[in-house]
Amino acid sequence: MGAGSSTLSSSDVKSLANKTKYTKEEIARLQNDFKTSFDKDNSGGLNFDEFKQAFRTRLDGWSDAELTSLFNCFDADKNGKLDVREFIGALYLLTAAPIKEKLECLFDVFDNDKSGFLDIDELVAARNLFSITAIRLGSGPEIVESYLESTLNFSNTRMSKADFVSTLSGNDKFVRLIGLYPSLCGLLY
Ligand SMILES: [Ca+2]
Ligand SMILES: [Ca+2]
């Protein structure tokens with residue numbers, strides 16, 4: 001790693017373009033934004049604070065514990081910072097990725113004990129965040145509550161990842177409610 005981690009090789013660009021469907025030009029722009037706007041200390045990676053700053057618009061309302069868990073999902077090589085590949089992967093997941101991929105990541109964030117199930121405490125934490133976020137983004141509290149009651153209710157003592165994903169992936173309503181929609185007006189963020 002080190003100095004090279006804010007630069008992408010041509011095979012990196014190719015594999016990112018494949019996975020994310022970003023064009024090579026978009027990837028070049030993201031790489032430039034990463035260097036000039038987000039990696040403030042020029043370390044070649046975003047530390048936790050830089051990550052929070054970079055995604056503050058979408059993730060306002062998330063607690064530090066939830067953000068840490070999300071950060072760890074994106075930090076594929078577990079070195080405590082997001083290099084440019086991990087950053088582009090994170091941005092893709094929070095915006096343009098298929099709903100299923102977003103939900104799998106969210107499940108991992110809330111499955112605190114990595115048991116493969118959301119137990120009641122974890123489900124409560126997830127519902128709280130989703131509710132706060134959806135209301136902050138302008139949804140009416142009653143609508144949000146009734147939607148969450150019809151999807152993430154507490155009738156089961158625990159919820160598997162497969163249930164979580166299938167329950168919430170029927171349409172894009174959920175990811176829209178919590179702000180993880182593809183960017184508007186052709187913006188990448
Ligand atoms: Ca990393
Ligand atoms: Ca669990």
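Residues numbered from 1 in each chain as written. Chains lettered and ligands numbered in written order. Predicted model: local features only at pLDDT ≥ 70, side-chain atom pairs only at ≥ 80, totals over all residues.

As a further point, take the domain arrangement of the chain. By a widespread convention, an interface's size corresponds to the accessible area lost as its parts come together. What the domain assignment reports for the chain is domain 1 (10–97) and domain 2 (99–184). The interface of domain 1 with domain 2 comprises 13 residues on the first partner and 13 residues on the second. For the side of domain 1 that touches domain 2, the secondary-structure elements that each account for two or more residues are helix H5 (64–74) and helix H6 (84–94). Ranked by residues supplied to the side of domain 1 that touches domain 2, first place goes to H5 with four residues. Considered class by class, the residues forming the side of domain 1 that touches domain 2 number seven nonpolar, three polar and three charged. (Domains from an automatic or database assignment. Contact = placed C-beta atoms within 7 Å. Helix = DSSP H or I, 4+ residues; strand = E, 2+ residues; numbered from the N terminus. Nonpolar A, V, L, I, M, F, W, Y, C, P; charged D, E, K, R; others polar.)

With that settled, the discussion passes to the nonpolar core. With 42 residues, the main nonpolar core has Phe-87, Ile-88, Leu-91 and Ile-178 as its most contacted residues. When contributions to this core are tallied by element, the ones reaching two or more residues are helix H2 (24–38), helix H3 (48–54), H5, H6, helix H7 (99–110), helix H8 (120–136), helix H10 (161–168) and helix H11 (173–177). Top contributing element to this core by residue count: H6, with eight residues. Residue contributions to this core reach at least three from each of two domains, namely domain 1 (10–97) and domain 2 (99–184). Setting aside residues no more than four positions away along its own chain, Ile-88 makes contact with Leu-16, Thr-20, Ile-27 and Leu-30. (Core = buried A, V, L, I, M, F, W, Y, C linked by C-beta atoms within 7 Å. Buried ≥ 20, exposed ≤ 12 C-beta atoms within 10 Å, placed from the backbone.)

Quick look at the UniProt feature "domain: EF-hand" (unreviewed entry) in the chain now. This chain's UniProt record puts "domain: EF-hand" (unreviewed entry) on residues 25–61, 62–97 and 98–133. Counting secondary structure, residues 25–61 comes out at 68% helix and 0% strand; the distance between its end C-alpha atoms is 32 Å. Between the end C-alpha atoms of residues 98–133 the distance is 20 Å, and the span holds 72% helix and 8% strand. (UniProt positions renumbered as here; feature names shortened; annotations may be inferred.)

Its location among the elements puts Arg-29 in helix H2. Taking the C-beta count within 10 Å as the criterion, Arg-29 has 13 such neighbours and is therefore assigned partly exposed.

Running from amino to carboxyl end, H8 crosses helix H9 (residues 141–151) at an angle of 150°, the nearest separation of the two axes being 9 Å. Overall, the two elements H8 and H9 adopt an arrangement that is roughly antiparallel. Our pair here, H8 against H9, has a crossing hand that is right-handed. Contact residues: Arg-127, Phe-130, Ser-131, Ala-134 and Ile-135 in H8; Pro-141, Val-144, Glu-145 and Leu-148 in H9. Here the residues of the contact of H8 with H9 are counted per class, giving six nonpolar, one polar and two charged. (Axes fitted to C-alpha atoms, helices over the stretch in contact; angles between N-to-C directions. Parallel < 35°, antiparallel > 145°, perpendicular 65-115°, else oblique. Left-handed = near helix turned anticlockwise from the far one by under 90°.)

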